[in-house]
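Residue strings, one per chain:
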Amino acid sequence: MREGQILVADHQGVYVIKLVGDVRLTLCISFDAFIDRMFSDANFISVVFDLTAAEAIDSTTLGLMAKISLLAQERHGLVPTVVSNNPGIDRILQTMGFAEIFCIVKDGDTDVPEAEALCVDCADEGDVKARVLEAHRILVGLNAANRDAFKDLIATLEQDC
């Protein structure tokens, strides 16, 4: 599996977030910081996730994706789009309840020639745990299966934080 990357670009307020390879929690600090920047952009119009080059996505990244969808709905009244053509990724999206909070399509024009790769930001362990905890709390709010799957992890992280 290729090392994960998150590429981001914006074109006149339309943000494209492309996940590439095996995307893991090592990118959670920079991804969360990007989310803050994206939603503070006065020109923000919409967001599209391109998962066509993703090989695997961990639950922390999925939780941050869900955070984006929930914030987009709350602040702008819009449902983000996810482009995915990988049956394994599609199964994960369905299991996590993403069909309820995203418009999921098989193909779309998500060319990102001016994309910027998010870096792995150095952060203290406590900050990373707090971000992981927040992401999983969002996921458990989506459905009962997620609550069952992540309740032990959340309990452990709550004790540590």
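Everything below is about the structure shown above.
The structure contained in this document is the topic of the report that follows. All figures in this text were calculated on a predicted structure; none of them were measured in a lab.

### Observations regarding the packing of aromatic side chains
- Per the stated rule, a full pass over the model turns up five aromatic pairs.
- Pairing F39 with F44 gives two aromatic rings, centres 5.1 Å apart and planes at 45 degrees, and the pair type is tilted. Grouping residues by exposure puts F39 and F44 together as buried.
- With a centroid separation of 5.7 Å and an interplanar angle of 85 degrees, the aromatic rings of F49 and F102 are classed as edge-to-face.

### As for the environment of I17
- Within the element layout of this structure, I17 appears in strand 2 (residues 14-23).
- Exposure remark for I17: the relative accessible area of 0% places this residue in the buried category.
- The sequence separation of I17 and R75 amounts to 58 residues, and the corresponding C-alpha distance is 19 Å.
- Ignoring any residue separated from it by four or fewer positions in sequence, one finds I17 in contact with I6, L7, V8, F31, F34, M38, V47, V48, F49, D50 and I68.

### Observations regarding the pairing of strand 1 (residues 5-11)
- Pairing between strand 1 and strand 2: seven bridges, direction antiparallel. Across the sheet, the residue bridging to A9 is V16, located in strand 2.
- The hairpin formed by strand 1 and strand 2 contains two residues between the paired strands, and Q12 there has a positive phi angle of roughly 55 degrees.

### Topic: the nonpolar core
- Ranked by size, the top nonpolar core spans 45 residues in total, and within it I17, L19, F31, F49, L51, M65 and F98 carry the most contacts.
- Those residues in contact with L19, other than ones at most four positions away along the chain, are Q5, I6, F49, D50, L51, A53, A54, I57, T61 and M65.

### Quick look at the environment of E100
- Mapped onto the elements of the fold, E100 is located in the loop between helix 3 (87-96) and strand 5 (103-105).
- For E100, a relative accessible area of 70% corresponds to the exposed category.
- With 42 residues separating them in the primary sequence, E100 and L142 have C-alpha atoms 8.3 Å apart.

The rules behind each value
- Residues numbered from 1 in each chain as written.
- Predicted model: local features only at pLDDT ≥ 70, side-chain atom pairs only at ≥ 80, totals over all residues.
- Heavy atoms only, no water.
- Phe/Tyr/Trp six-rings, centres within 6.5 Å; stacked < 30°, edge-to-face > 60°.
- Buried < 20%, exposed > 50% of the residue type's maximum accessible area, 1.4 Å probe, protein only.
- Helix = DSSP H or I, 4+ residues; strand = E, 2+ residues; numbered from the N terminus.
- Contact = heavy atoms within 4.5 Å.
- Pairing = 2+ DSSP bridges.
- Core = buried A, V, L, I, M, F, W, Y, C linked by side-chain atoms within 4.5 Å.

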